[in-house]
Every structure is written in structure tokens, then in C-alpha cells.
Amino acid sequence: EVAAVGKERDALKADVAEKSEMISGMISENNRMIREIDELTLRNYEAASVAKKRDGDFLASHILTQRVVDLEHSSDLYRKKYEKSKIALAGMEEALLLVEKERTKLIQKKCTLGCVASETWDTRVSLTRSE
């Protein structure tokens, strides 16, 4: 009987050692999984941070793109206004040339009616000053 109890005791010790080894392996595997979860969690936070930065960059890019479009539109409007102003200025210059031409004709007409050349110059100067 003592031998049977000894064998049973040895079998139980072997079973305990086997179970202890199995538990040790499970603890190691559990610790490895915890480290992996921690690494994945850290990567998840980093990815979220990158995504947030990317979204911010995208928003900034969108705002800048819209600003460029607005500036191009404003530039087109100013260009059109400039062209209209050039046309108006050319019209004004033409009108001034016509006025000057008519004024010159009037002075010449006056001179043909008996003015001396020096009087023409004096009239022209006085007309210019009165403008």
C-alpha cells in the first residue's frame, strides 16, 4: 500500500509540475498578449493623431485652395475693371484731343481775322491758365 501511495504521490507531483509548467506558459502567453495589446493601443493612438493631423492639414489645404480661388476671381474682376478703365481713359484722351483740336482751330480762326502771331501765343497761354 505504501508503494501505491508513493506512486500516486509521484503521479500527483508530476501532474502538479505539468500543470505548473502549463500555468507558467499561460502566464507568459498572457504577458506577451498584454504587451501586444499595449503596443496596438499605442499604435492606435498614434494613428488617430496622424489622422487628426491629416484632417487638419486637409482642412487647411481646403481653406487655402478656396482662398486661391477667391483671389483668382478677385484678380479677374480687377483685370476687367482695369480694362474698362483703360477704355474709358482712351475715350477721355480722345475727347481731350478733340477739345484741343477745336481750341486750336478757334485760335487759328481768330488769327486769320487779324491777330498777330504773338497775340495767338498770348491767347493760348491765357486760355491754358484759365482752365
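Residues numbered from 1 in each chain as written. Predicted model: local features only at pLDDT ≥ 70, side-chain atom pairs only at ≥ 80, totals over all residues. Heavy atoms only, no water.

Focus: the overall build of the protein chain
Part 1: Of the regular secondary structure elements, the protein chain holds two helices and zero strands.
Part 2: Counting the 131 residues in the protein chain, one finds 3% classified as buried.
Part 3: Total accessible area computed for the protein chain in this model is approximately 12000 Å², and 62% of it derives from carbon and sulfur atoms. (Helix = DSSP H or I, 4+ residues; strand = E, 2+ residues; numbered from the N terminus. Buried < 20%, exposed > 50% of the residue type's maximum accessible area, 1.4 Å probe, protein only. Areas by Shrake-Rupley, 256 points an atom, 1.4 Å probe, with all protein chains shown as cover.)

Considering the pattern of salt bridges
Part 1: The full count for this structure, using the stated rule, is eight salt bridges.
Part 2: Note that Arg-32 is salt-bridged to Glu-36, the shortest N-O span being 2.8 Å. Here Glu-36 and Arg-32 lie together in helix H1 (residues 2-112), a separation of four residues that amounts to about one turn.
Part 3: You can call Arg-32 partly exposed: its relative accessible area is 36%.
Part 4: It is possible to trace a salt-bridge network through shared partners that takes in Glu-29, Arg-32 and Glu-36. (Salt bridge = Lys/Arg side-chain N within 4 Å of Asp/Glu carboxyl O.)

Brief notes about the side chain of Arg-103
Part 1: Residue position: Arg-103 is located in helix H1.
Part 2: Owing to a relative accessible area of 12%, Arg-103 belongs among the buried residues under this scheme.
Part 3: At 2.6 Å, the side chain of Arg-103 forms a polar contact with the side chain of Glu-100. (Polar contact = N/O pair within 3.5 Å; in protein donor to acceptor, adjacent residues only side chain to side chain.)

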